[in-house]
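# Structure at a glance
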Amino acid sequence: MNKQLRRPVIAGNWKMNKTPAETSVLINEIKPLVKDAQCGVVVCVPYTNLQAALEATAGTDIKVGAENCHWAKSGAFTGEISAEMIKSLGVAYVIIAHRERRHYSGETDLTVRDRTRAALDAGLTVILCVGELLWEREQNITMEVIGKQVKIALSGVSADELKRIIIAYEPVWAIGTGLTATAEQADEVNGAIRSLAASLFTQADADRLVIQYGGSMNAKNAGELLSMPNIDGGLIGGASLNADDFSAIVKAAN
Ligand code: 13P
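Here is a short report on the structure shown in this document. (Residues numbered from 1 in each chain as written. Predicted model: local features only at pLDDT ≥ 70, side-chain atom pairs only at ≥ 80, totals over all residues. Heavy atoms only, no water.)

Moving on to the pairing of strand 4 (residues 93-96). In the case of a regular strand, side chains alternate between the two sheet surfaces. Of the two faces of strand 4, the one carrying Tyr93 and Ile95 and the one carrying Val94 and Ile96 are both buried. Relative to strand 4, strand 3 (residues 63-66) is paired through two bridges, and the arrangement is parallel. Bridged to Ala66 within strand 4 is Val94. Regarding topology, helix 3 (residues 83-89) serves as the crossover connection from strand 3 to the parallel strand 4, and that connection is right-handed. Relative to strand 5 (residues 125-130), strand 4 runs parallel, the two being bridged by four bridges. Bridged to Tyr93 within strand 5 is Thr125. (Buried < 20%, exposed > 50% of the residue type's maximum accessible area, 1.4 Å probe, protein only. Helix = DSSP H or I, 4+ residues; strand = E, 2+ residues; numbered from the N terminus. Pairing = 2+ DSSP bridges. Right-handed = clockwise from strand over helix to strand, strands pointing away.)

Encoded structure:
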């Protein structure tokens, strides 16, 4: 399955947690635990913590990400933050289309496409979230839903730009619920996303595409999930707020 072509990435999504001072503390706890990581390690933190995270990770291989960005470069968008602002700090990654933004902040497939474009134009690497609701899975339309999300988000993305896209499959029913997709369920969807990417780009492009799983991934279940042929890392919510748990997932990816 060409898994060796891809370097897994374990990314923490801290969501709306931690102050700048707490950010430094947690990253300083994580640092020694992941210093020998073979996989990519990213911490995605609230905007207000980006500077503290950059300072705390300086001189390490841990990368910093934001949790969203606006689609415009600048302008009358009170309270928003542009991709260029994020990039100018020295941040490398940004999460786009997280389920919580689709649910609470009116994110649509079209705004996801536009934010993805802005992030790529600014030089960021995008962690693009996709996932189905429980009723959609029960109606057997999981791949229709995810196919639509992926196709719209990637419309206008070049093969070269695809190298700066990570797709995170996060079944909505597994986020923060303690319910994890089985390794087989997650691998099946990730494999289907890869096939879709092969049809949109080339098989070689799809073979290089990092596709994570997210949704109640933790120190206990990470090993099984990450051993699957199409799961190239994880987007970790709750467990990323604890240094031991997060580093155990990083070790499982090694
Ligand atoms: P949990 O790991 O808390 O389920 O959150 C997953 C998630 O939403 C990561 O983006």
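Now, onward.
Read around the barrel, eight strands follow the order 1-2-3-4-5-6-7-8 and close on themselves; strand pairing throughout is parallel. Taken pair by pair, the neighbouring strands of this sheet meet at an average axis angle of 25°, ignoring direction. Of the pairings in the sheet, the one linking strand 7 (residues 210-214) to strand 8 (residues 233-236) comprises two bridges and is parallel in character. Following the sheet pairing, Gly214 is matched in strand 8 by Leu235. Packing against the sheet, helix 7 (residues 142-153) makes contact with strand 5 and strand 6 (165-169), and its axis sits at approximately 155° to strand 5. Seen against the sheet, helix 12 (residues 243-253) touches strand 1 (9-13), strand 2 (40-44) and strand 8 and runs at an angle of roughly 160° to strand 1. (Axes fitted to C-alpha atoms, helices over the stretch in contact; angles between N-to-C directions. Contact = heavy atoms within 4.5 Å.)

Everything listed is a geometric property; what it means functionally is a separate question.
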